[in-house]
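Take a look at the letters that make up each chain.
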2 protein chains.
Amino acid sequence: MDRPPSAMKPNFSLRLRVFNLNCWDIPYVSKHRADRLKNLGDFLNAESFDLALLEEVWSEKDFQDLRRKLAVPYPAAHYFRSGIIGSGLCVFSKHPIQEISHHVYTLNGYPYMIHHGDWFCGKAVGLLVLHLSGLVLNAYVTHLHAEYSRQKDIYLTHRVAQAWELAQFIHHTSKKADVVLLCGDLNMHPGDLGCCLLKEYTGLHDAFLKTQDFKGPEDGCTMIKHNCYVSQQDLGPFPFGIRIDYVLYKAVPGFYISCKSLKITTGHHPHHGTPLSDHEALMATFCVRHGPPQHSPSPPHSECPFPWPFLTSRPPLHSDLLLPSALPCLGPAEKSSLIRVLRDAWMEMGLGIARARWWIAFAGYVIGLGLLLLMLLCVLAAGEGAREVAILFWSPSAGLVLGAGAVFLFHVHEAKGLHSIQAELQHALKKAKEAQALGAEPQLAPLLGQQEGDRAEE
Amino acid sequence: MDRPPSAMKPNFSLRLRVFNLNCWDIPYVSKHRADRLKNLGDFLNAESFDLALLEEVWSEKDFQDLRRKLAVPYPAAHYFRSGIIGSGLCVFSKHPIQEISHHVYTLNGYPYMIHHGDWFCGKAVGLLVLHLSGLVLNAYVTHLHAEYSRQKDIYLTHRVAQAWELAQFIHHTSKKADVVLLCGDLNMHPGDLGCCLLKEYTGLHDAFLKTQDFKGPEDGCTMIKHNCYVSQQDLGPFPFGIRIDYVLYKAVPGFYISCKSLKITTGHHPHHGTPLSDHEALMATFCVRHGPPQHSPSPPHSECPFPWPFLTSRPPLHSDLLLPSALPCLGPAEKSSLIRVLRDAWMEMGLGIARARWWIAFAGYVIGLGLLLLMLLCVLAAGEGAREVAILFWSPSAGLVLGAGAVFLFHVHEAKGLHSIQAELQHALKKAKEAQALGAEPQLAPLLGQQEGDRAEE
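Residues numbered from 1 in each chain as written. Chains lettered and ligands numbered in written order. Predicted model: local features only at pLDDT ≥ 70, side-chain atom pairs only at ≥ 80, totals over all residues. Heavy atoms only, no water.

Participant: I'm lost on the pairing of strand β8 (residues 179-185) of chain A in this one. Help?
Facilitator: Taken residue by residue, a regular strand's side chains alternate between the two faces of the sheet. Residue and element names in this part refer to chain A. In terms of burial, β8 is largely enclosed, as seven of its seven residues are buried. The two faces of β8 match: Val179, Leu181, Cys183 and Asp185 on one face and Val180, Leu182 and Gly184 on the other face are all buried. Handedness of the crossover is the feature at issue here: the chain leaves strand β7 (residues 135-143), passes through helix α3 (residues 156-173), returns alongside β8, and the resulting connection is right-handed. Two elements, β8 and strand β13 (residues 245-251), share seven bridges in a ladder whose sense is antiparallel. Note on β13: the bridge partner recorded for valine 179 is alanine 251. (Buried < 20%, exposed > 50% of the residue type's maximum accessible area, 1.4 Å probe, protein only. Helix = DSSP H or I, 4+ residues; strand = E, 2+ residues; numbered from the N terminus. Right-handed = clockwise from strand over helix to strand, strands pointing away. Pairing = 2+ DSSP bridges.)

Written out as structure tokens, the structure is:
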């Protein structure tokens, strides 16, 4: 039995080995699925990580097969079910899982974009609470909406909204955790708005940027051209690779965590042969020990560049030309990373709301026209001249009205969701500005650091 | 500016006045809406509660009007947007709101039950974090799915699922809170399975059962026959009234909270005249002060009766006749309230999954038959004999296939959601049984009390 939390011995240190992989396990679609899953099971069996967090395991049968195979080194396992297809998320743990929870993202693409399919998967974040040698570890695994085109990314707003919900979920559920770990396929590049929002709001560090020993592809890319399952189309304007899978972490003051090593596969199986997936696997080793509360005199260095490295074809979102009247007036002193990123996310939600309203209006017009058409067809059917044509067109017209009604309702729901997130962002922005006005550094402490403050006092 | 949390002075006591009302503010439907909201605004202005938590404010314009009217006594306010119509939840606070979040319930009725309409509202739980004189207060407001027929309640499983999600949300987000407060219309009677699940899992107390001074209708009913907006049909088999609106609360050890008084209106305006809503308003006064950690040698008394007082026409859910093979074998020692309630909720999810699977199979057959019909119509249209009839029936048949497809997808989503909740319940049940086997009382401590244990140690 594990010791109760906060009972970790002084001078005790804990080594934590974590594995993360987007498994590309899509029945009837993914190549060499059975072989790759067999290899994955063999590898996890041989390595015995503390935690293995997987994404895109879309077949529950595959999870059950893996569970049986990994029962000895990983006696605890969980599959996160959601949506219509599922979340694709699962975990295998060497240690008992104390608590399990999850959150399904409110917005996740559009049902009529059937060829992209994300809407049908209940994209989510899963939470495990573990007690390791008296230390409370909150481990999160997630997978955000895919980016199908970087030049014209119609899902950007939804992905930023998901990043905010992820940040909120981690923030509110980890207040009693000693160590927080987030693994997953964020489908965002390191400097993207959503990625910066997540890191700035939660205070999570990027293992790739902080590790003492890195082995893997250049720039830490997790989808690379050397992987035989990756096409040039997958990489878009980045011919050598992209970094979209992450291991992020933090510890509260009183604990010290360091990333001893991070290994990313290089387009092959970790040991030999064909790769485990079209994504690369991440293997991180952490060391956690008691440490003094960290009080840095200078503000912590932000891991996010500014302005965000959007493609040059796209104007920066913080441009004052966008929605200037609704934006709270910001002074020159308010240029900290957190305030900037909250403001830009707030504006992105505004753009999304405007688009959703356009669709609502468009669907409304179609419904109106469809109803007029139906009335006209009824009149024609009542007469003699064009009765057959009228009857023939009645059902398609009714279908048009129903279809437009569904689009109308979907975008009303989308606008409500974006509006809700925008209001939360605005509140967080207000609080960050209040904290800055009082002279505190709003990077993390005022919003998140109650627990940190308390622990430091203790 | 409030003091930071956990900085509450020793020997300091805090008085907290809370107002809760399901406002019955449904545009075009509710009677005397404008008058009632005006009276509500006047009353809240005059009384100046610390917190006013409202449900069924379905019109955002009405919220904005109230916000303007209440700007002086309640400078902080928030409206929780979700779903298509909205959550109907809003809050007005005398004190600054530090943090805001919310969770939309995964399951909330059926879209084809248009006349009930709950599916179109994004039923949710809203969270506010407040710092009051150095004390961290987490206040939650919620509204669960309505119960339209107690004899044949087709929404029971969804309501129990919502109660579990509510309990999980409160549990995971309140680990650092000193005081937790939940107000809302739970649409459950005090002894109902979902209500017991919520109270047993979170350790929340019912203000009506604990208050030192109660004024209001008999049995604390919050929908009563004396209210002119309530019909006998609303009350079903309970002619005098039902209790479905609640104020629930708890404090962590180290703090002592008592409900000094609870007042429920009696079918009239609190001062005079017509009632504010078809529900009664709840007004509670709490006193919070520092207190010694409470270590009761005997297990705390459960507020839930057993067996649950279901209608006599319905067999108890814990009957071993239901799903006996899948239920983990329970020994005679495992009859604590929490284990019983988790087990019964687990079984209710099982029944819901079986119903969802029936619908999935039924919709699957309809899709198959519809596709056969479409092929037949294509063959007929290609011939000469019945071309016109074939063309006439083609669109309705395609509509049938699409409609059945939508039903199929909806119930797959429902089954996934219920399955996910059942897995979480099973995990909680396992942990509770492990704790009981170790001799600990599984009522609250092993699942929830990490924070309590920690504080006690401090």
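Structure shown, so let's carry the discussion forward.
Participant: Is there a simple way to think about helix α8 (residues 387-437) of chain B in this case?
Facilitator: A turn of α-helix holds 3.6 residues, and therefore any two residues three or four places apart point the same way. All names here are of chain B. If you check α8, its first and last C-alpha atoms are 73 Å apart, about what 51 residues at 1.5 Å a residue would give, namely 75 Å. The axis of α8 is deflected most strongly, by about 35°, at tryptophan 394, and proline proline 396 appears within four residues downstream. Where α8 ends, the next residue or the one after it, glycine 439, has phi of about 95°, a positive value. (Expected span 1.5 Å × (residues − 1). Bend = angle between axes of the 7 residues up to and from the residue.)

Participant: Would you mind going over the relation of the copies chain A and chain B with me for this structure?
Facilitator: Two chain copies here: they are related by a rotation about an axis and a translation along the same axis. Relative to chain B, chain A is turned by 180° and slid 0.0 Å along the rotation axis, the superposed coordinates differing by an RMSD of 0.0 Å. One copy is carried onto the other by what is essentially a two-fold rotation axis. A shared interface surface links the copies, since 100% of the contact residues of chain A are contact residues in chain B too. (Least-squares fit on C-alpha atoms with pLDDT ≥ 70 in both. Contact = heavy atoms within 4.5 Å.)

Participant: Mind showing me how you'd approach the UniProt feature "transmembrane region" (unreviewed entry) in chain A here?
Facilitator: Residues and elements named next belong to chain A. Taking the numbering used here, the UniProt-annotated feature "transmembrane region" (unreviewed entry) corresponds to residues 358-383 and 389-410. Split by type, residues 358-383 is 96% helix and 0% strand. Its first and last C-alpha atoms lie 38 Å apart. Across residues 389-410, helical content stands at 100% and strand content at 0%; the span's end C-alpha atoms are separated by 32 Å. (UniProt positions renumbered as here; feature names shortened; annotations may be inferred.)

Participant: In this structure, what is going on with unusual backbone geometry? I would like to understand it.
Facilitator: Negative phi values dominate among residues other than glycine, just as trans dominates among peptide bonds. Residue and element names in this part refer to chain A. Non-glycine residue serine 133 carries a positive phi angle of around 50°. Position of serine 133 among the secondary structure elements: in the loop between β6 (124-132) and β7. You will see that aspartate 219, though not glycine, has its phi angle at about 60°, which is positive. Mapped onto the elements of the fold, aspartate 219 is located in the loop between β10 (214-215) and β11 (223-224).

Participant: Would you mind showing me how to read the domain arrangement of chain A here?
Facilitator: One widely used convention gives an interface's size as the accessible area the parts lose upon coming together. Residues and elements named next belong to chain A. Per the domain assignment, the segments of chain A are domain 1 (13-301) and domain 2 (336-442). The C-alpha centroid of domain 2 is placed 32 Å from the C-alpha centroid of domain 1. Each partner contributes residues to the interface: domain 1 has 21 residues there, and domain 2 has 22 residues. Taken together, the two surfaces of domain 1 and domain 2 that pack against each other cover about 1800 Å², and 77% of this comes from carbon and sulfur. Run the count over domain 1 and domain 2 and you get seven residue pairs in polar contact (both at pLDDT 80 or more). Taken together, the elements giving at least two residues each to the side of domain 1 that touches domain 2 come down to α3 and α4 (193-202). The greatest single-element share of the side of domain 1 that touches domain 2, amounting to eight residues, is contributed by α3. Of the residues in the side of domain 1 that touches domain 2, the class split is 14 nonpolar, five polar and two charged. (Domains from an automatic or database assignment. Buried area = accessible area lost by both parts, 1.4 Å probe. Polar contact = N/O pair within 3.5 Å; in protein donor to acceptor, adjacent residues only side chain to side chain. Nonpolar A, V, L, I, M, F, W, Y, C, P; charged D, E, K, R; others polar.)

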